[in-house]
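Examination of the molecular architecture
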Amino acid sequence: MFEKFPRLFLFYENSLNSSATSSRTPSQSTTTITDSSLQSSDTQGSYDGIFEDHPGLNPSSERIVELQSDIREKLEELLINKSPDAAMVAAEALHGESDNIPFMEFILNDLNTNGVESESYKDALAALVKMVPSPLEQFEIIPFFPMKIGDLYFSFTNPSLFMLLTLSLVLLLLYFVTKKGGGNSVPNAWQSLVELIYDFVLNLVNEQISGLSGNVKQKFFPCILVTFTFSLFRNPQGMIPYSFTVTSHFLITLGLSFSIFIGITIVGFQRNGLHFLSFLLPAGVPLPLAPFLVLLELIPHCFRALSSGIRLFANMMAGHSSVKILSGSAWTMLCMNDLFYFIGDLGPLFIVLALTGPELGVAISQAHVSTISICIYLNDAINLHQSDSFL
Amino acid sequence: MLESAKLIGAGAATIASAGAAVGIGNVFSSLIHSVARNPSLAKQSFGYAILGFALTEAIALFAPMMAFLILFVF
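Conventions used here
- Residues numbered from 1 in each chain as written.
- Chains lettered and ligands numbered in written order.
- Predicted model: local features only at pLDDT ≥ 70, side-chain atom pairs only at ≥ 80, totals over all residues.
- Helix = DSSP H or I, 4+ residues; strand = E, 2+ residues; numbered from the N terminus.
- Buried ≥ 20, exposed ≤ 12 C-beta atoms within 10 Å, placed from the backbone.
- Contact = placed C-beta atoms within 7 Å.
- Axes fitted to C-alpha atoms, helices over the stretch in contact; angles between N-to-C directions.
- Parallel < 35°, antiparallel > 145°, perpendicular 65-115°, else oblique.
- Left-handed = near helix turned anticlockwise from the far one by under 90°.
- Nonpolar A, V, L, I, M, F, W, Y, C, P; charged D, E, K, R; others polar.
- Expected span 1.5 Å × (residues − 1).
- UniProt positions renumbered as here; feature names shortened; annotations may be inferred.
- pLDDT = per-residue confidence, 0-100.
- Core = buried A, V, L, I, M, F, W, Y, C linked by C-beta atoms within 7 Å.

Further remarks concern the overall build of chain A. Per the secondary structure count, chain A includes 13 helices and four strands. Classification of the 391 residues of chain A by burial places 26% in the buried group. When contacts within chain A are restricted to residue pairs at least 6 apart in sequence, those whose partners lie at least 24 apart make up 64%.

Here is the structure:
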């Protein structure tokens, strides 16, 4: 408790020996201390009571809120080159969750009278220094155009912006490549990129889904191609500095994997009818074992919906966070103004550079892996247990 | 108290990397084995190995993800 509200402790100490010589800015601070300790003795009787809540004696919660906002505003004034958010954090670190009015009045007085010299201000600065910038900050969702329809939240946020941006770029690429009814017979670089992606997914579908004639297989091809291009362009797009990784949000990947899972289950029922339920029971199993085996097959089957979402999300989030942490350490070392650190800084810097390559690789291979697993699930749903591929 | 418990938890979460290391090592040692036995299948097995590597790597990344979540979210 005390380590969270250091000022509380300090105030207690100071008010005990308020008449004694205090080391810091003598005249003003002693008056404020005696002032506030007078108030506290008025309301609570003894100094020990400062640490206790007295809702009966101090029912004025409005006063507390008022004091909190006063402290915050004062800090905003004092912390010139910091954002209001930082002032808010500092103010919260100062007064904590305290509802002790004399204590908060003391902080406010201290800030008002001593300004930048005050102990409270120094504590606030220390709290800000201690506040490590989280590497998860980059995944923050910021609404650009707040919009609310009823209770639903329809804001245009930065994920929507980057989704729209990537989507329009990919569509533009496809449009320009296939402009004159299918492009040139000798493709240029852009056209061969698109053809490469198309061929790749086509081969994937043809290899992984078996037991169907070519025409039927091609029914699934557009869906899989779209899923593949979605992750193929979304994942590396997050590697651009100051952009936003759409697929690093669990909600988005989970929405994708769940809808695909539901679609695959529908396809399974459509092709096999109720016979699809035999998917849950491998052939030739003795009857007493059947209940357990059904459970054992059902759980992994349902877990597929979660796992492909989690896999994509975890890869994107963990990779981007580690790059962020390492580049943060490189930046801190660079700013230390020390020749030793300046030379040593090359280490983290090269690790960041070296990590960027695998990150791009992971981004692309995750698109590949998720597409392959979709094909495998689709194959399972269509063929049940007849043709076991390598997974 | 909570801070130190967080640090211990995040550190403990990274133990899981040991399993991922075993898995990745296993994937590539199997690749070398199979290519040594049948070099003509090198290309095909390399594709499978990369797929297996990506799947293992994905599981491996759960560990740092848990560590980050413990450290920075809660």
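Residue and element names in this part refer to chain A. At a minimum axis separation of 8 Å, helix 10 (residues 250-272) and helix 13 (residues 346-383) run at an interaxial angle of 25 degrees. Comparing the axis directions of helix 10 and helix 13 gives the class roughly parallel. Like other packed secondary-structure pairs, helix 10 and helix 13 cross with a definite hand, here right-handed. Residues Ile260, Ile264, Thr265, Val267, Gly268 and Arg271 of helix 10 touch helix 13, and the partners they reach there are Ile374, Tyr377, Leu378, Ala381 and Ile382. When grouped by side-chain class, the residues that make up the contact of helix 10 with helix 13 number eight nonpolar, two polar and one charged.

We now examine helix 1 (residues 2-13) of chain B. The terminal C-alpha atoms of helix 1 of chain B, which comprises twelve residues, lie 16 Å apart, in line with the 16 Å expected from a rise of 1.5 Å per residue. In terms of burial, helix 1 of chain B is a largely surface element, zero of the twelve residues being buried.

This paragraph deals with the packing of helix 10 of chain A against helix 11 (residues 290-334) of chain A. Residues and elements named next belong to chain A. Orientation of helix 10 relative to helix 11, taken along the N-to-C sense of each, is 145 degrees, at an axis distance of 8 Å. Note that helix 10 runs across helix 11; the crossing there is right-handed. Facing helix 10, whose interface residues are Phe250, Thr253, Leu254, Leu256, Ser257, Phe258 and Phe261, helix 11 presents Arg304, Ala305, Ser308, Gly309, Leu312 and Phe313. Among the residues forming the contact of helix 10 with helix 11, the class breakdown is eight nonpolar, four polar and one charged.

All names here are of chain A. Look at the UniProt record and you will see "transmembrane region" (unreviewed entry) annotated at residues 152-177, 248-270, 276-300 and 339-356. Segment residues 152-177 splits into 77% helix and 15% strand. End C-alpha atoms: 39 Å apart. End C-alpha atoms of residues 276-300 are separated by 16 Å, and the span's content is 44% helix alongside 0% strand.

This part takes up the interface of chain A and chain B. Opposite the 17 residues of chain A that make contact, chain B presents 14 residues. For the side of chain A that touches chain B, the elements supplying multiple residues, two or more each, are helix 11 and helix 13 of chain A. Among the elements that take part in the side of chain A that touches chain B, helix 11 of chain A stands out by supplying eight residues, more than any other. Split by residue class, the side of chain A that touches chain B holds nine nonpolar, seven polar and one charged.

The next thing to look at is the confidence of the model for chain A. Residues and elements named next belong to chain A. Per-residue pLDDT for chain A averages 75, and the proportion of residues at 70 or more is 74%. Per-element averaging of pLDDT across chain A places helix 1 (residues 6-16) at the bottom with 41 and helix 10 at the top with 90. Every residue in residues 1-52 scores below 50 in pLDDT, and together they form 60 contacts with partners more than four places removed in sequence or on other chains. Of the regions scoring below 50 in pLDDT, residues 387-391 engages in seven contacts with residues more than four places distant in sequence or in other chains.

The subject of this paragraph is the environment of Ala363(A). Residues and elements named next belong to chain A. Along the polypeptide, Ala363 turns up in helix 13. Between the C-alpha atom of Ala363 and that of Met239, which follows or precedes it by 124 residues, the distance is 8.8 Å. Those residues in contact with Ala363, other than ones at most four positions away along the chain, are Asn235, Pro236 and Met239.

Here the focus is helix 4 (residues 62-73) of chain B. Considered for burial, the residues of helix 4 of chain B that qualify are Ala63(B), Pro64(B), Met65(B), Ala67(B), Phe68(B) and Leu71(B). Residues of helix 4 of chain B that are buried make contact with helix 11 of chain A together with helix 1, helix 2 (17-37) and helix 3 (42-60) of chain B.

Another aspect to go through is the nonpolar core. Core analysis: the biggest nonpolar cluster contains 36 residues, and Ile224(A), Ala314(A), Met317(A), Cys375(A) and Leu378(A) have the highest contact counts within it. For this core, the secondary structure elements donating two or more residues are helix 8 (189-208), helix 9 (214-237), helix 10, helix 11 and helix 13 of chain A together with helix 3 and helix 4 of chain B. Of the residues forming this core, the biggest block, nine residues, is contributed by helix 13 of chain A. Ile71(A), Ala90(A), Ile107(A) and Tyr121(A) belong to the second-largest nonpolar core, a separate cluster that totals 13 residues.

Right, let's talk about unusual backbone geometry for a bit. Here the phi dihedral of Tyr242(A) falls at roughly 70 degrees; this positive angle occurs in a residue that is not glycine. With respect to the helices and strands, the residue Tyr242(A) is situated in the loop between helix 9 and helix 10.

Residue and element names in this part refer to chain B. As recorded in UniProt, the feature "transmembrane region" (unreviewed entry) lies at residues 7-28 and 48-73. When the span residues 7-28 is considered, its composition is 86% helix and 0% strand, and the gap between its end C-alpha atoms is 33 Å. Strand forms 0% of residues 48-73 and helix 96%; the C-alpha atoms that close the span are 36 Å apart.

Residue and element names in this part refer to chain A. By the element assignment, Ser118 lies in the loop between helix 5 (101-114) and helix 6 (119-130). The exposure class assigned to Ser118 is buried, which follows from the 23 C-beta atoms found within 10 Å. Sequence-wise, Ser118 and Ile107 are eleven residues apart; in three dimensions their C-alpha atoms are separated by 9.1 Å. Ignoring anything within four residues of it in the chain, the contact list for Ser118 reads Asp110 and Leu111.

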